[in-house]
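What follows is each chain in one-letter form.
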Amino acid sequence: MRLSTPRIWLWLAAAIVMVNGFFPAVWILLTSFKTEGELTQIPITWWPENPTLQNYIQAFTGAPIGRYFINSLIVAVGATLLCVFVSALAAYALARLRIPYKTLIFSLLVGVSMFPTVTLLLPLFEMVLALGLRNNYIALILPHAALSIPVATLVLVSFFQGIPRDLESAAMVDGCTRLGALWRVVVPLSAPGVFTASILAFVNSWDEFLLALTLMPSQAMRTLPVGIQFLQGEYTFPWPLISAALVIALVPVALVIAIFQERVVGGLTQGGVKG
Amino acid sequence: MTQPKYRRSFGDLSERALAFWLLLPAAMLLALVALYPVARLIYTSLFRRRLTDETGLSPVYVGLSNFAQALSDERFWTALWNTLLIVLVTVPGALLVGLLLALLANLPFRVKWPVRLGLLLPWALPLVFAGLIFRWFFDSQYGVVNDILVRLGGERLLWITTPDLLFWAICISIIWKSSSFVALILLAGLQVIPKELYESAAVDGANRWQSFWRITLPLLTPAILVAAIFRTITAFQTFDIPYAMQNGGSAFETLAMYVRTTSIENLNFGYGSALAVLMFLISFAVTLVYLRYVRGAED
């Protein structure tokens, strides 16, 4: 190991990283239990004085958070399935097959991932209008899936490259076709990679705001980021309600991230650094 | 690149045909959502086309005059300048904070997951949510930032309504949100530095400070560069956080916000496209630098 670090410094270091990472989340969690009246006290309170679940009830009854949640879920799941399916096919070809201009294809992938979303916004808006798809889930699922293809493909390529080629050759010697080998050997072994790519694609879609704001403008079709942003009134800021809504929106993603941290970190650094 | 040792065809599919079919779905989706839109954008930028008048139905070809208009448009220059300021402040800011977080997170903790989760949570938090939460942190009356300032004996500041303070509030929010991604990338870089290097440096009498400057920083430079380029490209597209912090307002407007307002809110498709093309070109130039660097690093 390195020079030994005194325990107190370790605690301090951990505390800094965790306060930085968790404070905003903890703060909205605490606020979500406060009453509107408590919120407008000066000096402000840190700990809720009379904890209440009223804001959560309000979020589901007074504001359509349930609806937003379902919209987000449909879009994110749809985009993830589509993205990972087409990315897995492409990644297998890039990792295993003899392809001309392979470097160019990789460059194109990385290049596309750098396109500013806002520059795609107007043409996509026009296409969606022309096809009559405004406020249709498809209008958001297709672009969300496409925008995660680069990162998903890069993650999957590095997973496929990690699977010993001999396993596949052996399967083919035993009479499998290449596609058969792909299905029986590569697919099961690459489940962790597929899973990592899925988490990244899901989080990308769950978080996306600009396209959702523009392509699904009707209230009933808003996703969580758009719906919660619009809970801010022109002059009023119903923070306890917004906080409860934020907690509801964050819990699923936070759980997935907490359970599968190592995969997520691995995927992020593969999709990023190796890109 | 990796080349297979064998070349055989299976069934009716030659290797090339198989590759073609495997790549086709992803290529089609990207063409539909990314390549066609960019082509369409360039095309529309050459026309006068507003949905609010007769040019909505019959666009008028105007050559490059939309671009000429942009060059003399003060609001465009302000938005560009604001965006560059965001890049200049938040990229170094996020790199510094991210490096600090990565160094702290790289210490030999017995239990690693709480610290790692502390880095992952800000990354997974949607940008809009970060904007909303910080909007409220910086609230002049009920915000926690002013609460702490007052407790420390300072004065309440009007963060959201004072232009300069709004800029800094936006920058702080962006730095908080993006530094954890930087930290995750740098942490991966730190973890592949061989421990033996530090041990032999310690044997030679180097202290921590010297080890950091002589070993850690030089070996981490490639990761820092990658993170810097990623951050630059995303910071240039800044939209969500200032949008949420101003509740859709435009007292502080970035280029992305101006592009969206022009094209979607004002339905000025021609001019909005020209602005978007300009933004695309700048972003593309940065990406080319990035690709050149990555390829250089692979050789």
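What you are looking at is a predicted structure, and each value in this text was computed from that prediction instead of being measured.

Undergrad: I would appreciate a short explanation of the overall build of chain B in the present structure.
TA: On a plain count of helices and strands, chain B comes out with twelve helices and two strands. Sequence-ordered secondary structure for chain B, helices as α and strands as β, is α-β-β-α-α-α-α-α-α-α-α-α-α-α. Against the 2.2 N^0.38 benchmark of 19 Å for 299 residues, chain B shows a C-alpha radius of gyration of 24 Å, more extended than a compact globule. With respect to the principal axes defined by its C-alpha atoms, chain B has extents near 80 × 75 × 30 Å. The proportion of buried residues among the 299 residues of chain B is 42%. For chain B, the share of sequence-separated contacts (at least 6 apart) that also reach a separation of at least 24 residues comes to 67%.

Undergrad: Where do I start with the overall build of chain A in this structure?
TA: When its secondary structure is counted, chain A shows 14 helices and zero strands. Across chain A, helices and strands are ordered from the amino to the carboxyl terminus as α-α-α-α-α-α-α-α-α-α-α-α-α-α. A principal-axis box enclosing the C-alpha atoms of chain A has dimensions of 75 × 65 × 30 Å. By the burial criterion, 47% of the 275 residues in chain A qualify as buried. The long-range share in chain A, meaning contacts at least 24 apart out of those at least 6 apart in sequence, stands at 78%.

Undergrad: Would you explain the environment of A:Thr117 in this entry?
TA: Relative to the elements of secondary structure, A:Thr117 occurs in helix 6 (residues 117–130). Residue classification places A:Thr117 among the partly exposed positions, given that 17 C-beta atoms sit within 10 Å. For the pair A:Thr117 and A:Arg222, spaced 105 residues apart in sequence, the C-alpha to C-alpha distance is 19 Å. For A:Thr117, the contacting residues outside a window of four places in its chain are A:Leu210, A:Leu211 and B:Gln237.

Undergrad: When you look at the interface of chain A and chain B in this model, what are you seeing that I'm missing?
TA: Where interface size is quoted, it is often the accessible area lost as the parts come together. Contact residues are listed per partner, giving 83 residues for chain A and 82 residues for chain B. Per-element tally for the side of chain A that touches chain B: the top contributor is helix 1 (residues 7–32) of chain A, with 13 residues. Of the residues that constitute the side of chain A that touches chain B, the class distribution is 59 nonpolar, 19 polar and five charged.

Undergrad: What am I meant to see in the nonpolar core here?
TA: In globular proteins that are soluble, nonpolar side chains generally tend to be buried together. Ranked by internal contacts, the top residues of the largest apolar core, which has 167 residues, are A:Tyr92, A:Ala152, A:Ala245, B:Leu186 and B:Leu275. The biggest single contributor to this core is helix 4 (residues 65–96) of chain A, with 17 residues. With near-sequence residues (within four places) excluded, B:Leu275 lies in contact with B:Ala70, B:Phe76, B:Tyr258, B:Val259 and B:Thr262.

Undergrad: Help me understand unusual backbone geometry in this model?
TA: Glycine aside, the phi torsion of most residues is negative, and most peptide linkages are trans. Of note, A:Asn135 is a non-glycine position whose phi angle comes to about 65°, a positive value. Mapped onto the secondary structure, A:Asn135 falls in the loop between helix 6 and helix 7 (137–162). Residue B:Asn247 is not a glycine yet carries a positive backbone phi of 50°. On the basis of neighbour count, B:Asn247 is assigned to the partly exposed category, with 17 C-beta atoms found within 10 Å.

Undergrad: How should I be thinking about the packing of helix 7 of chain A against helix 1 (residues 15–44) of chain B in this particular structure?
TA: Running from N to C, helix 7 of chain A and helix 1 of chain B cross one another at 125°; their axes reach a closest spacing of 9 Å. Relative to helix 1 of chain B, helix 7 of chain A is oriented oblique. Crossing of helix 7 of chain A over helix 1 of chain B shows left-handed handedness. In contact with A:Leu142, A:Pro143, A:Ala145, A:Ala146, A:Ile149 and A:Thr153 of helix 7 of chain A, helix 1 of chain B contributes B:Ala26, B:Leu29, B:Leu30, B:Leu32, B:Val33 and B:Ala34. Among the residues making up the contact of helix 7 of chain A with helix 1 of chain B, the classes are represented as eleven nonpolar, one polar and no charged.

Undergrad: Help me understand the environment of A:Val265 in this model?
TA: Within the fold, A:Val265 resides in helix 14 (residues 261–273). Distance from A:Val265 to A:Leu200, taken between C-alpha atoms, is 9.9 Å for residues 65 residues apart in sequence. Not counting residues up to four positions away in its chain, the partners in contact with A:Val265 are B:Arg116 and B:Leu184.

Undergrad: Hey, could you run me through the confidence of the model for chain B in this one?
TA: Any region with low pLDDT has predicted coordinates that should not be read closely. Residues and elements named next belong to chain B. Considering every residue of chain B, the mean pLDDT works out to 89; 94% of them sit at 70 or more. Low pLDDT, under 50, characterises residues 1–11; the stretch is placed with ten contacts to residues that sit more than four places away or in other chains. The complex prediction reports pTM at 0.90, with the ipTM value standing at 0.89.

Undergrad: Help me understand the packing of helix 4 of chain A against helix 1 of chain B in this model?
TA: The relative placement of two packed helices is expressed as an angle between their axes plus a distance between the axes. Close contact between helix 4 of chain A and helix 1 of chain B brings their axes to 8 Å; oriented N to C, the two are set at 135°. Regarding the angle of helix 4 of chain A to helix 1 of chain B, the classification is oblique. The handedness of the crossing between helix 4 of chain A and helix 1 of chain B is left-handed. In this structure, helix 4 of chain A contributes A:Val86, A:Ser87, A:Leu89, A:Ala90, A:Tyr92 and A:Ala93 to the contact, and helix 1 of chain B contributes B:Ala19, B:Leu22, B:Leu23, B:Pro25, B:Ala26 and B:Leu29. Taken together, the residues of the contact of helix 4 of chain A with helix 1 of chain B sort by class into eleven nonpolar, one polar and no charged.

Undergrad: How do you make sense of the environment of B:Asn207 when you look at a structure like this?
TA: Take B:Asn207: it is sitting in the loop between helix 8 (195–203) and helix 9 (208–236). Once the C-alpha coordinates of B:Asn207 and B:Leu41 are considered, the two residues, 166 residues apart in sequence, prove to be 56 Å apart.

Cut-offs used in this document
Residues numbered from 1 in each chain as written. Chains lettered and ligands numbered in written order. Predicted model: local features only at pLDDT ≥ 70, side-chain atom pairs only at ≥ 80, totals over all residues. Helix = DSSP H or I, 4+ residues; strand = E, 2+ residues; numbered from the N terminus. Rg over C-alpha atoms; globule rule 2.2 N^0.38 Å. Buried ≥ 20, exposed ≤ 12 C-beta atoms within 10 Å, placed from the backbone. Contact = placed C-beta atoms within 7 Å. Nonpolar A, V, L, I, M, F, W, Y, C, P; charged D, E, K, R; others polar. Core = buried A, V, L, I, M, F, W, Y, C linked by C-beta atoms within 7 Å. Axes fitted to C-alpha atoms, helices over the stretch in contact; angles between N-to-C directions. Parallel < 35°, antiparallel > 145°, perpendicular 65-115°, else oblique. Left-handed = near helix turned anticlockwise from the far one by under 90°. pLDDT = per-residue confidence, 0-100.

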